[in-house]
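So you can see what is in the structure, the chains are spelled out below.
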Amino acid sequence: MRFIQPHDHLARPLSERDTCTMAYVHRCIAPLGKRAIRNVETQLLALDTGAYIFPVSVNNRSVVDNSYVVSPHTAYARYTQFEIEQLQRAWLTFPLTLLVKGLGEYLKYAKVDEIVHVNNSLVSTNLYPKSWLGQDIGQIRDFMVAQYPMQSLAFRSLNDYQHRVLLEHFKAQGFMAIPSRQVYVLDVSNEQNAHKISQKRDVKADAKLLQQHGYTLKKGNELLPADFERLEVLYNQLYLGKYSTLNPQYTADFLRSAQRDGWLDLHALCDNLGETVGVIGMLGDQDTVTTPIFGYDIQRSIEQKLYRVLSYQTMLNAMETRRILNFSSGAAQFKRHRGAVPCIEYTMVYVRHLPKRQQYAWSFLSKVLHHIAVPIMQKYQL
C-alpha cells in the first residue's frame, strides 16, 4: 500500500477499472487551483492498494467556503440548513434550525474538517467498483491512520442498496455510519428491469420529448472551446443559482479537462436554433452511472421540458449499457414515477485514533442523523 505519482501505475498491469480510475488520478494529483473548482481547497493524492487505485483528498485545516465534497461541516451544518429552509414548515424548521446551528458550532470545535477522504473524486457521488468487497479496509485504515494520525478517515457515497456488503465490512473495522442524504437508484442492470422501466407511462412520454421539441444532443468530443463556458453557466444557473453555492463550483476549465481526459462524458442539449440550453456530464464505470454535471437554462419556459429531456438521456444511457443509475437526491416524486427507489447514503468514518472530544462529536452527529434526519428524509421524501 502506497501513495503513487502520475506514472507509477505503469509498473503493473491495469484492469479496466484501474484505467478508468487513473483518469481521476491524473487529474487529482495535478495542482488544484481556483481555475478547476472555485470552492474546493484540499490536497489531492492517489492511493495504490495493490488491487485498486483511489483518489484521496486531505484537509489539514478548516476552510470556511469549502464545498461539501471535502467538508463535513458544510455537508452536515451549512447545507443541512439550506435543506431545512426548503421544507417550508415553520413548526419544523424553527427547532431544526436551532439544532443545526448548535451542531455546526460543535462540529467546528471538534475539528471535523480535518479529514482524509479515500475514493473522493470531488463530485457529488463517488463510484465504487463492484468487485471491491472491502476485505482490505482494515489495511487501508491502518495505512492512512499511520500517515495522518490527527485526521478523521472517511469514505463518502456508500448507499444501502448497492453497498450492503461494503458497509458491513466498514462497520466490522470500527467505522461509524454517518447518514448523508437520501438518494434514488434506478436499477436497469438487467434486461427484465430495463424493459419494465421503459414501459412506464412517464418514461414513454419522456422518450418522445427530444424529437417533439426539436432538440439535438452534441457529444463532448464535438464541443468547441467556447462551448465549455456556456456549459459552466448552465450548471451554475441550476446548482448554484437555484440550489446552493455550497455545491462544487466547477469551472469551464474543469469541464474541458474532464472531457479531454475521458473520465466525464459531457453532452450539450441544443434547441432548434442551435443554442445550447442544457448540459449533462455522466460519470460511470462498468456497473454504475451518475450525473454530477447537470444544468439547463432556468429562464426558459417549463413547457420546454428541459429537465425531463436531460434526465431521460441519463436513464437511456443506463438502460442501453445495463448499468445502475444513481439518480442522486432531490426531485423525489419525478424519480419515483420513473421506477427509482430511495435509499440512504452514508459516509463511513473512522475516528478511534483521535482524541475523545472528536470521537464524541462524530458519535453525536451519527445519532442525531439516524434518529432525526433520516426519518425526516424518508417522511418528506427529500
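Refer to the structure presented above.
Residues numbered from 1 in each chain as written. Predicted model: local features only at pLDDT ≥ 70, side-chain atom pairs only at ≥ 80, totals over all residues. Heavy atoms only, no water.

Draft legend 1. Representation of the overall build of the protein chain in the model. Tallying secondary structure elements over the protein chain gives 12 helices and 12 strands in all. Over its C-alpha atoms, taken along the principal directions, the protein chain stretches across nearly 60 × 60 × 40 Å. In the protein chain, which comprises 382 residues, the share counted as buried stands at 56%. A fraction of 75% describes how many contacts in the protein chain between residues 6 or more apart in sequence connect residues 24 or more apart. About 17,100 Å² of surface is accessible on the protein chain, with carbon and sulfur atoms providing 52% of the total. (Helix = DSSP H or I, 4+ residues; strand = E, 2+ residues; numbered from the N terminus. Buried < 20%, exposed > 50% of the residue type's maximum accessible area, 1.4 Å probe, protein only. Contact = heavy atoms within 4.5 Å. Areas by Shrake-Rupley, 256 points an atom, 1.4 Å probe, with all protein chains shown as cover.)

Draft legend 2. Molecular detail of the pairing of strand β3 (residues 53-58). Counting buried residues along β3, six of its six residues qualify, which places the element largely inside the surrounding structure. Burial along β3 is two-sided: the residues I53, P55 and S57 and F54, V56 and V58 are all buried. Both strand β2 (residues 43-48) and β3 contribute to a ladder of six bridges, which runs antiparallel. Along β3, the bridge assignment pairs L44 with S57. (Pairing = 2+ DSSP bridges.)

Draft legend 3. Region of the structure containing the environment of V277. One can find V277 in strand β9 (residues 276-284). Sequence separation between V277 and L306 is 29 residues; the distance between their C-alpha atoms is 7.9 Å. Apart from residues lying up to four places away in sequence, V277 is in contact with Y215, R230, L234, L269, C270, D271, Y296, D297, R300 and L306.

Draft legend 4. Highlighting the pairing of strand β12 (residues 341-350). Burial within β12 is extensive, with eight of its 10 residues counted as buried. Sheet analysis places strand β6 (residues 176-187) next to β12, joined by nine bridges and oriented antiparallel. The residue bridging P179 from the neighbouring strand is Y346, located in β12.

Draft legend 5. Spatial organisation of the sheet that holds strand β4 (residues 115-118). Across the sheet, 12 strands lie side by side as β1-β2-β3-β4-β5-β12-β6-β11-β10-β9-β8-β7; this open sheet has mixed pairing. The sheet terminates laterally at β1 (2-3) and β7 (216-219), the two strands that pair on one side only. Pairing of β1 with β2, which is carried by two bridges, proceeds in the antiparallel orientation. Across the sheet, residue F3 finds its bridge partner in β2, namely L47. Strands in contact with helix α5 (residues 164-172) are β5 (152-159), β6 and β12; relative to β5, the strand with the most contacts, it is inclined by about 160°. Strands in contact with helix α12 (residues 356-379) are β4, β5, β6 and β12; relative to β6, the strand with the most contacts, it is inclined by about 30°. (Axes fitted to C-alpha atoms, helices over the stretch in contact; angles between N-to-C directions.)

Draft legend 6. Fine view of the pattern of salt bridges. Counted according to the given criterion, the structure contains 18 salt bridges. Here R181 makes a salt bridge to E345, at a shortest N to O gap of 2.9 Å. Here R181, found in strand β6, pairs with E345, found in strand β12; they are 164 residues apart in sequence, far enough to count as distant. The two residues R181 and E345 agree in class, both being buried. The partner of E229 in a salt bridge is R256, with the nearest N and O atoms 3.6 Å apart. (Salt bridge = Lys/Arg side-chain N within 4 Å of Asp/Glu carboxyl O.)

Draft legend 7. Representation of the side chain of S152. Among the secondary structure elements, S152 is positioned in strand β5. On the basis of relative accessible area, S152 is assigned to the buried category, the value being 1%. Here the side chain of S152 touches W362 through a polar contact of 3.2 Å, side chain to side chain. Residues contacting S152, with those up to four places away along its chain left out, are E114, I115, V116, V349, Y350, V351, L354 and W362. (Polar contact = N/O pair within 3.5 Å; in protein donor to acceptor, adjacent residues only side chain to side chain.)

Draft legend 8. Up close: the packing of aromatic side chains. As enumerated under the stated definition, the model contains 23 aromatic pairs in all. Taking 6.2 Å as the distance between ring centres and 80° as the angle between the ring planes, the aromatic pair formed by W132 and F170 counts as edge-to-face. Placement of the pair is W132 in the loop between β4 and α4 (137-147) and F170 in helix α5, with a sequence separation of 38 residues. The pair formed by W132 and F170 is uniform in burial state, with each residue classed as buried. A ring pair is formed by Y307 and F334, whose centres lie 4.9 Å apart and whose planes are at 70°; its orientation type is edge-to-face. Residue Y307 is located in helix α10 (residues 306-321), and its partner F334 is located in helix α11 (residues 332-337); the two are separated by 27 residues in the primary sequence. You can call Y307 partly exposed: its relative accessible area is 23%. Its end group placed over the ring of Y350, R141 keeps NZ or CZ at 5.6 Å from the ring centre. The ring centre of F334 lies 3.6 Å from the NZ or CZ of R338, which sits over that ring. (Phe/Tyr/Trp six-rings, centres within 6.5 Å; stacked < 30°, edge-to-face > 60°. Lys NZ or Arg CZ within 6 Å of the ring centre and 35° of its normal.)

Draft legend 9. The arrangement of α10 in detail. For α10, which comprises 16 residues, the first-to-last C-alpha distance of 23 Å matches the rise-based estimate of 22 Å (1.5 Å per residue) to within 8%. Taken residue by residue, α10 has L306, V309, L310, S311, Y312, Q313, T314, M315, N317, A318 and M319 as its buried positions. Directly after α10, the chain includes R322, whose backbone phi takes a positive value near 55°. (Expected span 1.5 Å × (residues − 1).)

Draft legend 10. Looking closely at the environment of F327. With respect to the helices and strands, F327 occurs in the loop between β11 (324-326) and α11. A residue is classified by how much of its surface remains accessible, and F327, at 8% relative accessible area, is buried. Separated by 13 residues in the primary sequence, F327 and A340 place their C-alpha atoms 7.7 Å from one another. Residue contacts for F327: discarding those within four places in its chain leaves Y184, L186, T314, M315, K335 and A340.

Draft legend 11. Inspection of α12 at higher detail. The terminal C-alpha atoms of α12 lie 34 Å apart, and with 24 residues this matches the ideal 34 Å at 1.5 Å per residue to within 8%. Of all the residues in α12, the buried ones are Q358, Q359, A361, W362, L365, S366, V368, L369, V374, I376 and M377. On its buried face, α12 sits against α2 (72-87), α3 (90-109), β4, β5, β6 and β12.

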